[in-house]
Structures are given as structure tokens and as C-alpha cells.
Amino acid sequence: MKHIEARLFYESALGKRISDVQWWRLRTALNKQGIALTQSNLKWIAEMKKVLPHASLESGLLIAFSNAEKLLGDTKEVQGEFFLQQLQKAGIYIHPSTLSRWFKPLGGFRKKRFYPTEKLHSISISAYIHKVKLAQNQASKQIQKV
């Protein structure tokens with residue numbers, strides 16, 4: 001698939017035009033992670049960008065997605081407390097205000113409430129991206145100290 005055709009397909013799947021810089025960053029991120037410019041890949045990324053518009057592919061969105069799939073498994077509903085425990089087992093600790101903000105579209109977070117797993121996908125992806133960003137911030141602070 002040519003780059004122009006791929007860009008037009010991505011923009012139609014996303015539902016809006018993107019700038020040249022955004023397209024360049026998307027292609028670069030896909031190349032770094034060894035992902036081809038196919039219609040199925042571009043459609044999947046466009047769907048993810050609709051759910052998580054500020055998530056960067058360079059920050060590990062694709063890795064976060066695969067980890068989120070493993071975290072939630074095949075269950076249809078997950079209790080809030082169990083979800084937090086699974087995140088903590090993965091080394092992800094989320095501040096309560098951040099957790100509250102992420103669960104706002106679901107009516108807020110409650111430990112005893114059951115949430116459908118399809119609604120928790122975007123939250124678990126955000127959590128994995130959050131973990132990567134925190135690690136990057138810590139690494140940059142370590143470098144600045146030296």
C-alpha cells in the first residue's frame with residue numbers, strides 16, 4: 001500500500017484529516033515497532049485513537065494493548081477491587097484522583113462494583129501507558145542528577 005493511499009484510508013477510518021507531522025509520527029512509530037502499513041493495522045490504530053486520543057504510539061500503545069488483553073482475560077465482568085489488584089500485580093500504582101478521572105465515564109470507581117471488561121480496556125491501556133510514562137520520567141530525572 002502506498003503512503004498516500006494508507007494516509008487516506010487512516011483519515012477515513014479516523015473520521016478527520018491529520019497533519020503531515022502526525023502522519024510522519026505515526027509512520028515512524030509503526031516502523032520502529034515493525035508494524036506494516038496495512039488496512040487492518042491502520043483501522044485498529046484509528047479505533048484506538050478514537051478511544052484514547054492523547055495516547056502516543058511511541059509511548060507503547062501497542063504493547064499496552066497486548067498487556068491489557070492479558071490483564072483482563074476472557075471474563076465478561078470484573079470487580080473494581082480485583083481490577084486494582086491485577087494492576088498492582090503488574091506494577092501499576094494509580095493515584096486515586098487519576099483512577100476517579102479514568103472511571104468518570106463509567107459512573108465513578110467503586111471497589112465492589114462490577115464493570116464490563118470491554119469498558120475497562122481503555123482504562124487498562126491508559127494504566128500501562130501511565131506506567132511507561134512514569135518510568136520515562138524517572139529515567140530522565142536519573143540522567144539529570146548525573
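Residues numbered from 1 in each chain as written. Predicted model: local features only at pLDDT ≥ 70, side-chain atom pairs only at ≥ 80, totals over all residues. Heavy atoms only, no water.

This part takes up helix α3 (residues 39–51). For α3, which comprises 13 residues, the first-to-last C-alpha distance of 19 Å matches the rise-based estimate of 18 Å (1.5 Å per residue) to within 8%. For α3, every residue scored as buried is listed here: L42, I45, A46 and M48. The arc enclosing the buried residues of α3, seen along the axis, measures out at 160°, which places them on a common side. (Helix = DSSP H or I, 4+ residues; strand = E, 2+ residues; numbered from the N terminus. Expected span 1.5 Å × (residues − 1). Buried < 20%, exposed > 50% of the residue type's maximum accessible area, 1.4 Å probe, protein only. Arc of directions from axis to C-beta.)

We now examine the confidence of the model for the protein chain. For the protein chain, the mean per-residue pLDDT works out to 84, and 94% of the residues sit at or above 70. No element of the protein chain has a lower mean pLDDT than helix α4 (residues 61–72), which averages 71, and none a higher one than strand β2 (residues 114–116), which averages 93. (pLDDT = per-residue confidence, 0-100.)

Here we take up the nonpolar core. If you look at the biggest cluster of nonpolar residues, it comprises 17 residues, and the most contacted ones within it are F83, L87, I94, F103 and L120. Secondary structure elements with two or more residues in this core: α4, α5 (80–89), α6 (96–103) and α7 (117–145). Among the elements that take part in this core, α7 stands out by supplying four residues, more than any other. When near neighbours in sequence (up to four residues on either side) are disregarded, F103 contacts F83, G108, F109, Y115, L120 and I123. The next biggest cluster of nonpolar side chains, apart from the first, holds 14 residues, and it includes I18, W23, L30 and L42. (Core = buried A, V, L, I, M, F, W, Y, C linked by side-chain atoms within 4.5 Å. Contact = heavy atoms within 4.5 Å.)

What follows concerns the packing of aromatic side chains. Applying the stated criterion across every chain yields a total of five aromatic pairs. Plain terms: the ring middles of F83 and F103 are 6.1 Å apart, the flat faces sit at 75° to each other, and that makes the pair edge-to-face. Of this pair, F83 sits in helix α5 while F103 sits in helix α6, placing them 20 residues apart in sequence. For the pair F83 and F103, one class covers both residues: buried. Taken together, F83, F103, F109 and Y115 form an aromatic cluster joined through their ring pairs. (Phe/Tyr/Trp six-rings, centres within 6.5 Å; stacked < 30°, edge-to-face > 60°.)

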